[in-house]
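Architecture and fold: a report
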Amino acid sequence: MKPPTCSSLNRASKHHYRRMLRFLGAFWIWMSWNMPIPSSGQDLMTSWEIQTIAGDGQPGYRGDGGPATQARIQNPYGLAVGPDGDLHFCDMDNHVIRRIDKHGHMHTVAGCGVAGYRGDGGPALEAQLWQPYEICFDTEGDLYLVEMPNHVVRKIDQSSQVIQTIAGTGQAGLGGDGGLANQAMLSRPHSIALDPWGNLVICDIGNHRVRRVGRLNQKIETLSGNGQKVDTIDQSPLYRSPLKGPRALAFDREGNAWLALREGNAIWKMDLHRGRLHHMAGTGEKGFTGHNGPARQAKLSAPKGISLDPKGNVWFADTESHSIRMIEATTHTMRCIAGNGQRGDGPDGESTACQLARPHGIFAAKDGSVYIGDSENHRIRRLTPLPDREVKAP
């Protein structure tokens, strides 16, 4: 047997060195998300005020042209502030998209109020929608909406107000990857978002996949998920791993997608640059615990809406715990911002004393406000940080 050469020893040393770097990197990620970052002296959190800005609490469809607080809405879901600064939202069970202007008045901007799938190529206000779930805007001001029972995503041109299907055929199924999105099949799509490059990303929940439509070629592809409804493994490959109920997504400034898994009771980050899935919050077990501790050790309860604020904090509607929760960007700490885990309706005022009823929609605006679709209270609420009123976390 020949003794090892210097070159073979160098190769072996380099191999072990690389393995050690990979181990230390993975260990650092685990430590950063499981150990709270120490603060200087005491753990302070911002106090928030909550206010109803639309809906009188009774389900219905009335009030266009008048004060939004006196209007009737029915099961509001996704929300977004448009390029005009007005708040738009999905009035889901009225099958319309509505807008609250800067004067606090209510307007319908899409849908005739009759459930269906008609109107492509014509005025958005004359089209039939069926339970629009989420909306978003592109840089041109065009509005995108997803209709889960119709299995489609549609787009409203900002200048002409013409509506058109851009993804899905209206039939539930799986197919069409590599081809035009409007010739592909989706199954119960729930959430949509535009990445920093203008590509449309869809939570195709019936297929347990996240799919992407190219901005330039309008072709669709599977971005993540293999169709299996089983637990995801941390650090697993983005393109071949299962997703357990991909329900809502939003992008951060770096182009990573933050994904809420309803059945998985967890928040994950889709690292599109490295092609990996990172576990960020939730143990996977359903519950309402872990506040003011490491986000990965908290129990969540079917999160269904997600949004990131300008500071990188991750907000989500924890629907079945009737609460709004937030992952702090700097400390990786789980906070409960609104609701107390019990179903109810208000009151307005201090946010954690305000009970909610299965909230679905959430949108963190650039001005620091956070808007909530308090779905089964038939209200839109707004969270506003209170200046100079930081309180010590319990």
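Residues numbered from 1 in each chain as written. Predicted model: local features only at pLDDT ≥ 70, side-chain atom pairs only at ≥ 80, totals over all residues. Heavy atoms only, no water.

For the rest of this paragraph, the subject is the sheet that holds strand 14 (residues 220–224). Ordered in space as 11-12-13-14, the 4 strands form an open sheet in which the pairing is antiparallel. Strands at the two margins of the open sheet, each flanked by one partner only, are strand 11 (189–194) and strand 14. Neighbour-to-neighbour, the strand axes of this sheet turn through a mean angle of 30°, independent of strand direction. Across 4 bridges, the pairing between strand 13 (residues 209–213) and strand 14 is antiparallel. Counterpart to Arg212 in the pairing with strand 14 is Glu221. (Pairing = 2+ DSSP bridges. Helix = DSSP H or I, 4+ residues; strand = E, 2+ residues; numbered from the N terminus. Axes fitted to C-alpha atoms, helices over the stretch in contact; angles between N-to-C directions.)

A word on the pairing of strand 11. Burial analysis of strand 11 places 6 of its 6 residues in the buried class, which makes it a mostly covered element. Here 5 bridges tie strand 11 to strand 12 (residues 200–204), and the two strands are oriented antiparallel to one another. The partner of Ser191 across the bridge, within strand 12, is Cys203. Where strand 11 folds back onto strand 12 in an antiparallel hairpin, the turn is made up of 5 residues, including Gly198, whose phi is positive at roughly 90°. (Buried < 20%, exposed > 50% of the residue type's maximum accessible area, 1.4 Å probe, protein only.)

A full pass over the atoms with the stated rule returns 27 salt bridges. Of the charged contacts, one joins Arg358 and Glu376 as a salt bridge, the two residues approaching to 2.8 Å between their closest N and O atoms. Residue Arg358 is found in the loop between strand 23 (349–350) and strand 24 (361–364), and its partner Glu376 is found in the loop between strand 25 (370–374) and strand 26 (379–385); the two are separated by 18 residues along the sequence. Taking the relative accessible area as the measure of exposure, Glu376 reaches 27% and is therefore partly exposed. Salt bridges here are not isolated pairs; linked through shared partners, they connect Lys304, Glu320, Arg343, Arg358 and Glu376. (Salt bridge = Lys/Arg side-chain N within 4 Å of Asp/Glu carboxyl O.)

Another point: the sheet that holds strand 19 (residues 303–308). Pairing is antiparallel across the open sheet formed by 4 strands, whose spatial order is 19-20-21-22. Two strands bound the open sheet, and with one partner strand each, they are strand 19 and strand 22 (334–338). Going from strand to strand, the sheet's axes swing by 25° on average, the running direction of each strand aside. Note that strand 19 and strand 20 (residues 314–318) share 5 bridges and pair antiparallel. Its bridge partner lying in strand 20, Ser307 is registered against Trp315.

Turning to the side chain of Gln131, a few remarks are in order. Within the secondary structure layout, Gln131 lies in the loop between strand 6 (106–110) and strand 7 (132–137). Ignoring any residue separated from it by four or fewer positions in sequence, one finds Gln131 in contact with Met92, Asp93, His95, Val146, Glu147, Met148 and Pro149. (Contact = heavy atoms within 4.5 Å.)

Here the focus is the packing of aromatic side chains. Applying the stated rule across the entire model yields 2 aromatic pairs. Seen in terms of ring centroids, Trp48 and Trp315 are 5.1 Å apart; in terms of plane orientation they differ by 80°. Their pairing is edge-to-face. Of this pair, Trp48 sits in strand 2 (residues 48–54) while Trp315 sits in strand 20, and the two are 267 residues apart along the sequence. We note that Trp48, like Trp315, is buried. (Phe/Tyr/Trp six-rings, centres within 6.5 Å; stacked < 30°, edge-to-face > 60°.)

Now for the nonpolar core. Counting 51 residues, the largest nonpolar core has Ile97, Val153, Ile192, Leu200, Ile202, Leu259 and Met270 as its most contacted members. By size, the runner-up hydrophobic cluster in this structure holds 16 residues, among which are Ala250, Leu300, Ile327 and Met334. (Core = buried A, V, L, I, M, F, W, Y, C linked by side-chain atoms within 4.5 Å.)

Turning to the state of the cysteines, a few remarks are in order. As used here, a disulfide is simply a covalent bond connecting the sulfur atoms of two cysteines. All told, the structure shown has 0 disulfides when counted by the stated rule. Counting only cysteine sulfurs, Cys90 is the nearest neighbor of Cys136, a cysteine outside any disulfide, at a range of 9.9 Å. (Disulfide = S-S within 2.5 Å.)

The subject of this paragraph is the environment of Gly287. Looking at the element boundaries, Gly287 is found in the loop between strand 18 (276–281) and strand 19. Separated by 13 residues in the primary sequence, Gly287 and Leu300 have C-alpha atoms spaced 5.2 Å apart. The contacts of Gly287, once residues within four sequence positions are left out, are Lys299, Leu300, Ser301, Asp318 and Arg325.

Within the secondary structure layout, Ser224 lies in strand 14. One polar contact links the side chain of Ser224 to the main-chain carbonyl oxygen of Leu238, over a distance of 2.7 Å. Discounting chain neighbours no more than four positions away, the residues touching Ser224 are Arg209, Val210, Leu238, Leu243, Met270 and Leu277. (Polar contact = N/O pair within 3.5 Å; in protein donor to acceptor, adjacent residues only side chain to side chain.)

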